[in-house]
Amino acid sequence: MEHQFVLVLNFGGQYNQLIARRVRDLGVYCEVRPHTLTAREVAALGPIGIIFTGGHNTAYHPDSPKADPEIYKLGIPILGICYGAQLMAHQLGGNVITPSQREYGNTAITLEPASVLFEGLAPDQTVWMSHTDCVDKLPQGFVGTAHTQHTPYAAMEDTSRKFYGLQFHPEVEHTQNGLAMMRRFLFDVCGAKGDWTMETYSQALITQVREQVGSGKVLLALSGGVDSSVVAALLSQAIGNQLTCIFVDHGLMRKDEGDEVEAAFSGRELNFVRVNAGERFLARLKGVTDPESKRKIIGGEFIRVFEEEAKKIGNVDFLAQGTIYPDVIESGAGDSAVIKSHHNVGGLPDHVDFKGIVEPLRLLFKDEVRALGTTLGLPGYLVWRQPFPGPGLAIRCLGEVAEDKLAILREADFIYREEIAKAGLDRSIHQYFAVLTNMRSVGVMGDQRTYDYTLALRGVTTSDFMTADWAKIPYEVLEKAANRIVNEVRSINRIVYDITSKPPGTIEWE
Ligand code: XMP
């Protein structure tokens, strides 16, 4: 690819993804690779600079992860962060100790302004520390460039070899000027030009896909979610009608969603197959109330419908998947091929014959996927879509799923989403939806006693969906949504807002 490349060598630190994010945010392309890469492999990648990540190990332990010592002889600038800095000191002949007094969290530091990394910064700063060990003797050729109360070498450098070490974490927001320091390393030390843009990357991806696929046929299960939608848009530009997208509309989508997906893709050069299978799914769900059974039935039926359609198309050469970078990094230090197990249509590769997998997003973070989607001309409603579970509204329609209940839920959910968007909260609340509980209660409407459903509104903020906070939506927004829902949707006479975080609750109700 026609852009500069920075290598992030992963020593297992919790912030490895964040380092990669920061580098790319600065307009420099980078990838996270395992620390086991040999110097020869590193040289073959041709990076303009290398960053050693942090890690929880102790550099002087015989079993701790090490870098190939030959890497230090390649003449490539290196920035070691935390464990990465300690490792560099240890491997180059310095000394690392585990002091009795450890520094953790926000820490006052004094910088040496003569260091190129700290140029223009005030000497007194606050940085984020997160390690027990520290360097207590510098390797030959190094000078100390920062200290704290307990750490004599909170930063070090050997400018002749272009090696830099930081005991603290420049990549986290708590480090006041961390991004400025990283920018200095990339631009002033490594000579980065900032040539990483989504337009150029998108063109490079298109070329890459064409090379991989040749004249082969590619099949994609399009769910309408962000990742599969962006894959569809990209492949359509790259290989046009060699691509077939199967969109199984299970009848459990939100209001208008199926039509929106069709509208976004029917105008493009690709084979778009929409299967309206709602009745089939509802028939299978009749009488089923157990949440796990509902999920299993929907997953199984999905595969059956997909297989039937795939058979009609005949042999395909490749299956395309929307795997993204966090899945890749988490599954094996950034080098192993993975098939996203929690994908909306999980299990497909076992059921369809194909020769290879096309995963064009596997090096992109979620917001880069959105940027790519925008570059490829996808509409905002697809690019900014919040996560939506594979089983769809079935797990938000508690108890038995039936068309009349789904219709009520769709309308109520639509109004709620509309009011959130009108209040400008649609990007700050990460997931929000309505749940039709299976409970009825007594109410009164215009002198009439009613006995109708209770609707629950849910809104969460989260960074990873593993834990979540309930969103503090302003009362006026909740009030407006609730008023509209009881007035505009039949069969709902009571509305509650879910103020449970995760844990102990989950985001979905089933
Ligand atoms: P929970 O309810 O487990 O949800 O806190 C965490 C996130 O996962 C989504 N979710 C699913 N996504 N298939 C999916 O693709 C599923 O079966 C599924 N169940 C939950 C949920 O919407 C939330 O974003």
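For the structure itself, consult the block above.
Source: prediction; values computed, not measured. Along each chain, the written sequence defines residue order, and numbers are assigned to residues from 1. Given that this is a predicted model, residues contribute local features only at a pLDDT of at least 70 and side-chain atom pairs are listed and counted only at 80 or more, while totals for whole chains, interfaces and linings are drawn from all residues. Excluded from the side-chain calculation are hydrogens and water; included are all heavy atoms of the structure.

S.K.: Tell me about the sheet that holds strand E10 (residues 155-158), and please be specific about residues and values.
M.R.: The pairing criterion is simple: DSSP has to find at least two bridges between the two strands. The secondary structure listing takes helices from DSSP runs of H or I that are at least 4 residues long and strands from runs of E that are at least 2 residues long, numbered from the N terminus. If you trace the 9 strands from one edge of the open sheet to the other, you get E2-E1-E3-E4-E11-E10-E9-E6-E7, paired in mixed fashion. Across the chains shown, the open sheet's two edge strands, defined by having one partner strand only, are strand E2 (29-34) and strand E7 (124-131). Within this sheet the neighbouring strands show an average axis-to-axis angle of 25°, counted without direction. When strand E6 (residues 103-111) meets strand E9 (residues 143-147), the two strands line up antiparallel, connected through 2 bridges. Its bridge partner lying in E9, Thr110 is registered against His147. Comment: axis = line fitted to C-alpha atoms, over the contacting stretch for helices; angle = value between 0 and 180 degrees taken between N-to-C directions.

S.K.: Can you lay out the nonpolar core for me, pointing to particular residues and giving the numbers?
M.R.: With 67 residues, the main nonpolar core has Ile50, Tyr72, Leu222, Leu235 and Phe265 as its most contacted residues. It is helix H6 (residues 226-239) that contributes the most residues to this core, 9 residues altogether. Domain borders in the structure are assigned automatically or taken from a domain database. Three or more residues apiece are contributed to this core by two domains, here domain 1 (5-189) and domain 2 (198-383). Contacts are assigned to residue pairs with any non-hydrogen atoms lying within 4.5 Å of each other. Ignoring anything within four residues of it in the chain, the contact list for Phe265 reads Leu222, Ser229, Ala232, Ala233, Leu270, Phe272, Leu378 and Leu382. Membership of the second largest hydrophobic core comes to 47 residues, among which are Leu219, Phe388, Ala471 and Val489. The term nonpolar core refers to a set of buried residues drawn from Ala, Val, Leu, Ile, Met, Phe, Trp, Tyr and Cys, joined through side-chain atoms within 4.5 Å. Relative accessible area decides the class of each residue, using a 1.4 Å probe on protein chains only: under 20% of the type maximum gives buried, over 50% gives exposed, and in between gives partly exposed.

S.K.: Provide a residue-level description of empty space enclosed by the protein, including the pertinent values.
M.R.: Rolling a probe over the atoms, with the probe sized like a water molecule, indicates the empty space that remains. Note on definitions: the grid is 1 Å and covers protein atoms alone; a cavity is a set of points where a 1.4 Å probe fits but cannot get out; a pocket is an open set with protein on both sides within 12 Å along at least five of seven lines; lining residues have an atom within 4 Å of a point. Grid points are joined across faces, edges and corners, and a volume is the space filled by probe spheres set on the points. Counted under the stated rule, the structure contains 1 cavity of 30 Å³ or more. Volume-wise, the largest cavity comes out at about 70 Å³. Along its surface, the largest cavity is lined by Pro99, Gln101, Arg102, Glu103, Met129, His131, Thr132, Asp133, Cys134, His150, Thr151 and Gln167. In terms of residue class, the lining of the largest cavity is made up of 3 nonpolar, 6 polar and 3 charged. Residues were grouped as follows: Ala, Val, Leu, Ile, Met, Phe, Trp, Tyr, Cys and Pro as nonpolar; Asp, Glu, Lys and Arg as charged; and all remaining residues, including Gly, as polar.

S.K.: Pulling in residues and values, what's your account of the packing of H6 against helix H11 (residues 366-375)?
M.R.: The geometry of H6 relative to H11 is characterised by a closest axis approach of 9 Å and an angle of 40° between their N-to-C directions. Here H6 is positioned oblique relative to H11, judged by the angle of their axes. Crossing angle aside, the handedness with which H6 passes H11 is left-handed. Contacts between H6 and H11 involve Val226, Asp227 and Val230 from the first element and Lys366, Val369, Arg370, Leu372 and Gly373 from the second. Tallied by class, residues from the contact of H6 with H11 come to 4 nonpolar, 1 polar and 3 charged. To sort the angles, those under 35 degrees are grouped as roughly parallel, those over 145 as roughly antiparallel, those from 65 to 115 as roughly perpendicular, and the leftovers as oblique. Crossings are assigned a handedness: left-handed for a near helix turned anticlockwise from the far helix by less than a right angle, right-handed for a clockwise turn.

S.K.: Go over the pairing of strand E13 (residues 243-249) with me, naming the residues and quoting the values.
M.R.: Counting buried positions along E13 gives 7 out of 7 residues, so the element sits mostly inside the fold. Burial along E13 is two-sided: the residues Leu243, Cys245, Phe247 and Asp249 and Thr244, Ile246 and Val248 are all buried. Convention used here: a crossover is right-handed provided that the path from the first strand, over the helix, to the second strand proceeds clockwise when the strands point away from the viewer. Read from strand E12 (residues 218-221) through H6 to E13, the crossover connection turns out right-handed. Relative to strand E14 (residues 271-276), E13 runs parallel, the two being bridged by 6 bridges. Following the sheet pairing, Asp249 is matched in E14 by Asn276. The parallel pair E13 and E14 is bridged by helix H7 (residues 257-266), and the resulting crossover is right-handed.

S.K.: So what about the packing of helix H5 (residues 198-213) against H11? Which residues, and what values?
M.R.: Contact geometry of H5 with H11 gives a least axis separation of 10 Å together with a crossing angle of 80°. Judged by the angle between their axes, H5 and H11 are roughly perpendicular. Residues Met198, Glu199, Ser202 and Leu205 of H5 form the contact with H11, whose participating residues are Glu368, Ala371, Leu372 and Thr375. Classifying every residue of the contact of H5 with H11 by side-chain character gives 4 nonpolar, 2 polar and 2 charged.

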